[in-house]
Amino acid sequence: MSEESSPGLQQRLSARRHFLPHALASIAAQDYPASRLEVIVVDDSAAAGAAGWSAVSACPAAEQLERLRFLHAPPVPRRAALGAKRNAALSVATGELVA
């Protein structure tokens, strides 16, 4: 599949901060064209913000992901957390496919 014919893919990941380096490395290792891959990390912790982005950008694989974005979402009730994070990521996603 050529880069031009590859649809944009938005990768959503639900990971605890300590799993983030491994999750980003796994995404970066895929053979999907990096320029067509959008990764959105949603953090709804109270301690997010600059500290959250620092944790994301400090991951070694972050350099390989051209379209890596960090989104801070306000904390939500525990039962709704996963769905709310997905909706927050989808609201800013530009890709044609979601994984």
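Enquirer: How should the environment of Arg69 be read in this particular structure?
Expert: Among the structural elements, Arg69 can be located in strand β3 (residues 67–72). Owing to a relative accessible area of 31%, Arg69 belongs among the partly exposed residues under this scheme. Taking the C-alpha atoms as reference, Arg69 lies 6.2 Å from Val41; in sequence the two are 28 residues apart. Once you skip the residues sitting within four places of it in the chain, Arg69 turns out to touch Glu38, Val39, Ile40, Val41, Trp53, Val92 and Thr94.

Enquirer: Looking at this structure, how should I read the pattern of salt bridges?
Expert: Oppositely charged side chains can form a pair if their charged atoms are brought close together. In this structure the tally under the stated criterion is 2 salt bridges. For Glu38, the salt bridge is made with Arg67, and the minimal N-O distance between the two is 3.7 Å. Of this pair, Glu38 sits in strand β2 (residues 37–43) while Arg67 sits in strand β3, and the two are 29 residues apart along the sequence. Judged by its relative accessible area of 2%, Glu38 is buried. Between Arg69 and Glu38 there is a salt bridge, with its nearest N and O atoms 2.7 Å apart. On the criterion of sequence distance, the pair formed by Arg69 in strand β3 and Glu38 in strand β2 is long-range, its members being 31 residues apart. Bridged by salt links that share partners, the residues Glu38, Arg67 and Arg69 form one connected network.

How each quantity is defined
- Residues numbered from 1 in each chain as written.
- Predicted model: local features only at pLDDT ≥ 70, side-chain atom pairs only at ≥ 80, totals over all residues.
- Heavy atoms only, no water.
- Helix = DSSP H or I, 4+ residues; strand = E, 2+ residues; numbered from the N terminus.
- Buried < 20%, exposed > 50% of the residue type's maximum accessible area, 1.4 Å probe, protein only.
- Contact = heavy atoms within 4.5 Å.
- Salt bridge = Lys/Arg side-chain N within 4 Å of Asp/Glu carboxyl O.

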